[in-house]
2 protein chains.
Amino acid sequence: MNRIGKIKHNVSMTKDQNKRSSCPVSCALDILGDKWTLLVIRDILFKDKQHFRDFLASPEKIASNILSDRLKKLEECNIISRQRDPLNARRVIYTLTEKGKDLSPALHALIHWGAKYDPESNKQPCSMQHTGRMSET
Amino acid sequence: MNRIGKIKHNVSMTKDQNKRSSCPVSCALDILGDKWTLLVIRDILFKDKQHFRDFLASPEKIASNILSDRLKKLEECNIISRQRDPLNARRVIYTLTEKGKDLSPALHALIHWGAKYDPESNKQPCSMQHTGRMSET
DNA sequence: CGTATTTGGTTGCATATTGAAAGTATAATA
DNA sequence: TATTATACTTTCAATATGCAACCAAATACG
């Protein structure tokens, strides 16, 4: 029911205990260190995606259970925020917080590296396409 | 026996097929997207570590089988190179290739982000300590 | 010389995470 | 009222991780 603004307190509290060390790289990778999390952030940052099914549609084909888990964790970490679309109560809108937007330089560095060393990669993230919002309809 | 310079050809060939998409972010994460790989690179880049035991000694406590696996994959991807220490044949020296050194900007971006948003993190990667080797220009 | 130690791993096994497919719940639409 | 859209959850097999023990080659030590 009350899924938005849920009890994420003790969940994120316990996550702090899971930190492997106090190194900032290690702290960052505790959150971002997997094959999917930064792709979700890429989708919001460079492709203006905001809906669950938009992330599912990306070419890497994330599974819906993994996506659900990552969105939950990113919200717990305050990297994305989640709200119902006021115009359509079925829809949830995911947006980046400032903390999330601040990942832009790291993503850009990865894009540059990936583009430089992977000869078959596109030179833009997933053929980067700003839709100019108006995400659909 | 002849472990150095081994047959890594078809292994890395098959890895190319595993690419999830041609997006440079996705390509980068296919290699770097896990909790340990970038920590190994951090250790070489910022802590001048070069030996198997040195990586094991980092505070995040990587398991030796995982470390072994990551070093193997990083060598296959041409991010690190591996050579015997000419002065002590028991020792293997791991160093970054140009491709590996080029991950420095991405690591720095992660350090900056991790340090900014994790109040309990040190502001340097694992209390960064150059041993004076000057591995990079 | 023989033995212990250092170094860089590998092996076996329990647990955790992922991936694919199917199912569920609620809101909008016809 | 029935159908569809959307955002998930569930199930279960496959894969990855983590831990502890073990191994083998090279070297140091007596």
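Nothing here was measured: the structure is a model prediction, and the numbers come from that model.

Cut-offs used in this document
- Residues numbered from 1 in each chain as written.
- Chains lettered and ligands numbered in written order.
- Predicted model: local features only at pLDDT ≥ 70, side-chain atom pairs only at ≥ 80, totals over all residues.
- Helix = DSSP H or I, 4+ residues; strand = E, 2+ residues; numbered from the N terminus.
- Buried ≥ 20, exposed ≤ 12 C-beta atoms within 10 Å, placed from the backbone.
- Contact = placed C-beta atoms within 7 Å.
- Least-squares fit on C-alpha atoms with pLDDT ≥ 70 in both.
- Nonpolar A, V, L, I, M, F, W, Y, C, P; charged D, E, K, R; others polar.
- Axes fitted to C-alpha atoms, helices over the stretch in contact; angles between N-to-C directions.
- Parallel < 35°, antiparallel > 145°, perpendicular 65-115°, else oblique.
- UniProt positions renumbered as here; feature names shortened; annotations may be inferred.
- Near = placed C-beta within 6 Å.
- Pairing = 2+ DSSP bridges.
- pLDDT = per-residue confidence, 0-100.
- Expected span 1.5 Å × (residues − 1).

**Q** How should the overall build of chain A be read in this particular structure?
**A** The secondary structure content of chain A amounts to seven helices and two strands. Along chain A, helices and strands appear, N-terminal first, in the series α-α-α-α-α-β-β-α-α. Scored against the burial criterion, the 137 residues of chain A give a buried share of 34%. Of all intrachain contacts in chain A linking residues separated by at least 6 positions in sequence, the fraction that spans at least 24 positions is 48%.

**Q** Is there a simple way to explain the relation of the copies chain A and chain B in this structure?
**A** There are two copies of the chain, and a rotation about an axis plus a shift along that axis relates them. Once chain A is rotated about the relating axis by 180 degrees and shifted along it by 0.0 Å, it coincides with chain B to within an RMSD of 0.0 Å. Those values place the two copies in the arrangement expected of a two-fold rotation axis. For chain A, the minimum C-alpha distance to the rotation axis belongs to A:Asp34 and amounts to 2.1 Å.

**Q** Is there a simple way to think about the interface of chain A and chain B in this case?
**A** Quoted interface sizes are often the accessible area lost when the parts come together. Taken together, the contacts link 39 residues of chain A with 39 residues of chain B. Every element with two or more residues in the side of chain A that touches chain B is listed here: helix 2 (24-32), helix 3 (37-47) and helix 7 (104-117) of chain A. Residue contributions to the side of chain A that touches chain B peak at eleven residues, all from helix 7 of chain A. Split into classes, the residues belonging to the side of chain A that touches chain B amount to 21 nonpolar, seven polar and eleven charged.

**Q** So what exactly am I meant to see when it comes to the packing of helix 2 of chain A against helix 3 (residues 37-47) of chain B here?
**A** Geometrically, a packed helix pair is captured by the angle between its two axes and the distance between the axes. Between helix 2 of chain A and helix 3 of chain B, the shortest axis-to-axis distance is 10 Å and the interhelical angle comes to 170 degrees. Here helix 2 of chain A lies roughly antiparallel to helix 3 of chain B, going by the angle between them. Facing helix 2 of chain A, whose interface residues are A:Val25, A:Ser26 and A:Leu29, helix 3 of chain B presents B:Leu38, B:Leu39 and B:Arg42. Residues of the contact of helix 2 of chain A with helix 3 of chain B, tallied by class, amount to four nonpolar, one polar and one charged.

**Q** Would you mind showing me how to read the UniProt feature "domain: HTH hxlR-type" (unreviewed entry) in chain A here?
**A** Per the UniProt annotation, the sites labelled "domain: HTH hxlR-type" (unreviewed entry) are residues 23-122 of chain A. Across residues 23-122 of chain A one finds 56% helix and 15% strand; the C-alpha atoms that close the span lie 33 Å apart.

**Q** What is the right way to look at helix 2 (residues 24-32) of chain B in this model?
**A** Most of helix 2 of chain B sits inside the fold, with nine of its nine residues counted as buried. Turning to helix 2 of chain B, its buried residues number three or more, namely B:Pro24, B:Val25, B:Ser26, B:Cys27, B:Ala28, B:Leu29, B:Asp30, B:Ile31 and B:Leu32. On its buried face, helix 2 of chain B sits against helix 3 and helix 7 of chain A together with helix 3 of chain B.

**Q** I'm lost on the protein's contact with DNA strand C in this one. Help?
**A** As a structural note, the neighbourhood of DNA strand C is formed by 19 residues, with A:Ala89, B:His51, B:Phe52, B:Arg53 and B:Ser68 the closest of them. At the level of secondary structure, the elements contributing two or more residues to the surface near DNA strand C comprise helix 5 (64-76) and strand 2 (88-96) of chain A together with helix 4 (52-56), helix 5 (64-76) and strand 2 (88-96) of chain B. Element by element, the count of residues in the surface near DNA strand C is highest for helix 5 of chain B, at four residues. Classifying every residue of the surface near DNA strand C by side-chain character gives six nonpolar, seven polar and six charged.

**Q** Please clarify how the environment of A:Ser81 should be interpreted in this entry.
**A** Residues and elements named next belong to chain A. Take Ser 81: it is sitting in strand 1 (residues 80-85). Looking at Ser 81, the number of C-beta atoms within 10 Å reads 15, which means it is partly exposed. A sequence separation of twelve residues divides Ser 81 from Ile 93, and the C-alpha atoms of the two residues are 8.1 Å apart. The residues touching Ser 81, leaving out its near neighbours within four places in the chain, are Glu 75, Thr 95 and Thr 97.

**Q** Just checking my understanding: could you explain the pairing of strand 1 of chain A for this structure?
**A** In summary, the side chains of a regular strand alternate between the two faces of the sheet. Of the pairings in the sheet, the one linking strand 1 of chain A to strand 2 of chain A comprises six bridges and is antiparallel in character. Following the sheet pairing, A:Asp85 is matched in strand 2 of chain A by A:Asn88.

**Q** Would you take a moment to explain the confidence of the model for chain A for this structure?
**A** Detailed reading of the predicted coordinates is not advisable wherever pLDDT falls low. Residues and elements named next belong to chain A. Confidence along chain A averages 84 in pLDDT terms, with 79% of residues attaining 70 or more. Overall, residues 1-16 carries pLDDT values under 50, and its contacts beyond four positions in sequence, including any with other chains, amount to eight contacts. Scored below 50 in pLDDT, residues 130-137 makes five contacts in the model with residues more than four places away or belonging to other chains.

**Q** Sorry if this is basic, but what is going on with helix 7 (residues 104-117) of chain B here?
**A** For the α-helix, the turn length of 3.6 residues means that residues three or four positions removed from each other point alike. With 14 residues, helix 7 of chain B should reach 20 Å at 1.5 Å per residue; the first-to-last C-alpha distance of 20 Å fits that figure. For helix 7 of chain B, the set of buried residues is B:Ala106, B:Leu107, B:Ala109, B:Leu110, B:Ile111, B:Trp113, B:Gly114 and B:Tyr117. Buried positions along helix 7 of chain B lie against helix 2, helix 6 (98-101) and helix 7 of chain A together with helix 3 of chain B.

**Q** Help me out: how do you make sense of the protein's contact with DNA strand D in this one?
**A** DNA strand D sits among 18 residues. The nearest are A:His51, A:Phe52, A:Arg53, A:Asn65 and B:Ala89. Listed by contribution, the elements that provide at least two residues to the surface near DNA strand D are helix 4 (52-56), helix 5 and strand 2 of chain A together with helix 5 and strand 2 of chain B.

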